[in-house]
Amino acid sequence: MGPLDVIGDALVGAFTLPFMARALIVLVVLSLVAGVVGVIVNMRGLEFISDGLTHSVFPGIAIGFVWGGREGLFIGAMIAAVIAATVLTLLVRTRVPADAAIAIVLTATFSVGVIVVSRQSDYAGQLEQLLFGRLLTVTDAEVVQTVIACGIALLLVAVTLKEQVFRAFDRSGADAAGYRVFTLDLLLNIAIALVVVAASSAVGNLLVLGVLIVPAAVARLITVRLRALFLIAAGFAMLGAWLGLATGYAASVDGGVDLPSGATVVLLLVAGYLLALGYRVIRDSSLRAGEGR
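Residues numbered from 1 in each chain as written. Predicted model: local features only at pLDDT ≥ 70, side-chain atom pairs only at ≥ 80, totals over all residues. Heavy atoms only, no water.

### Quick look at the layout of surface pockets
- If you add up the space inside the second largest pocket, you get close to 170 Å³.
- Mapped by element, the contributors of at least two residues to the lining of the second largest pocket are α8 (140-158) and α13 (226-253).
- A per-element tally of the lining of the second largest pocket places α13 first, with five residues. (1 Å grid on protein atoms, 1.4 Å probe; cavity = no way out; pocket = protein on both sides within 12 Å on 5 of 7 lines; lining within 4 Å. Points joined across faces, edges and corners; volume = space filled by probe spheres on them. Helix = DSSP H or I, 4+ residues; strand = E, 2+ residues; numbered from the N terminus.)

So, in structure tokens, the structure goes:
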């Protein structure tokens, strides 16, 4: 088999396998919703809050997993997502500094999750699954759960998109215009938490930020047009998912190297960000040089 055959088999043929197809479906759905939600997160500068929500959902994931195995993970995560989003939204509105409040919730809730998992016999194995995911063993039921969680998150942002964009650029203006800023913040935080829930079983709790944050950051480097931001973020995320899964498959089947699929996808997203950053630096330098003539 020649090099072109190997590449073609990895990029296309790999996804004729059911477990690869399920993994791709999950990541494509995540890419679509993360492209939309992630852009709002980037415009609002809420990356640290997203990190806090990621870790705050972990106890629900852990309790659901311990209580009902993989079947209980989704229910536990959904409950924890709503609670975590509400608590963080309320804390940020108090006089407590936002970063301090998020850090306190983050460390406390994540510790609770680790303690819950540590009560099980296979502590290390179960903790690894929850933190880093099991993308290639995603079941049909988990695909459906991912679609449901992503669909709700996308709906929450879509029905308030105009208000969310206004809020991102001018909080005082949004307040003066009569928008319920607290409700907008709460809906966005719930949407972020739901993306975390949807991604946790696939790429894991620690890697979910890569899917949520990196594509939007890439889009901001390439364009400032609002509609293009959403399209580029979602398209870049889907491209990274496809190439990341194909790379992991080729490395395992043809190279004998076992690459974790979720981490491979995230690393390719980060590599794409570095390329976009290089493009932006070169473009800005060229523009400055042209203005100086």
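### Focus: a nonpolar patch on the surface
- A contiguous nonpolar patch, built from I63, W67, I75, I79, I83 and V87 and spanning about 630 Å² of accessible area, is present on the exposed surface.
- Every element with two or more residues in the nonpolar patch is listed here: α4 (58-68) and α5 (70-92).
- Top element by residues in the nonpolar patch is α5. It accounts for four residues.
- Looking at the secondary structure, you find I63 in helix α4. (Patch = residues over 30% accessible without salt bridge, like charges linked within 9 Å, V, L, I, M, F, W, Y side chains within 5 Å. Areas by Shrake-Rupley, 256 points an atom, 1.4 Å probe, with all protein chains shown as cover. Salt bridge = Lys/Arg side-chain N within 4 Å of Asp/Glu carboxyl O.)

### What about α8?
- Its 19 residues give α8 an end-to-end C-alpha distance of 27 Å, which sits within 8% of 27 Å, the value for a rise of 1.5 Å per residue.
- If you check which residues of α8 are buried, you get E142, V143, Q145, T146, A149, C150, A153, L156 and V157. Buried positions in α8, seen along its axis, are confined to an arc of 165 degrees and lie on one side of it. Exposed side of α8, more than 90 degrees from the buried face: D140 and L155 are the residues found there. (Expected span 1.5 Å × (residues − 1). Buried < 20%, exposed > 50% of the residue type's maximum accessible area, 1.4 Å probe, protein only. Arc of directions from axis to C-beta.)

### Examining the pattern of salt bridges
- Following the criterion strictly, the structure yields five salt bridges and no others.
- A salt bridge links R280 to D284; the shortest N-O distance between them is 3.1 Å. Placement of both R280 and D284 in helix α14 (residues 261-291) is noted, with a separation of four residues, approximately one turn of the helix.
- The partly exposed category is assigned to D284, whose relative accessible area is 23%.
- Salt bridges linked by common partners bring R44, R167 and D185 together as one network.

### Observations concerning the packing of helix α2 (residues 18-44) against α13
- Between α2 and α13, the shortest axis-to-axis distance is 8 Å and the interhelical angle comes to 150 degrees. Between α2 and α13 the crossing geometry is right-handed. Of the residues in α13, those in contact with M20, A23, L24, L27, V28, S31, L32, G35, V36, V39, I40 and M43 of α2 are L226, L229, F230, A233, A234, A237, M238, A241, W242, L245 and Y249.
- Looking at the contact of α2 with α13 residue by residue, the classes come out as 21 nonpolar, two polar and no charged. (Axes fitted to C-alpha atoms, helices over the stretch in contact; angles between N-to-C directions. Left-handed = near helix turned anticlockwise from the far one by under 90°. Contact = heavy atoms within 4.5 Å. Nonpolar A, V, L, I, M, F, W, Y, C, P; charged D, E, K, R; others polar.)

### Comments concerning the side chain of S31
- Within the secondary structure, S31 sits in helix α2.
- Among the polar contacts made by the side chain of S31, one reaches the main-chain carbonyl oxygen of L27 at a distance of 2.6 Å.
- When neighbours within four sequence positions are excluded, S31 is seen to be in contact with A234, A237, M238 and A241. (Polar contact = N/O pair within 3.5 Å; in protein donor to acceptor, adjacent residues only side chain to side chain.)

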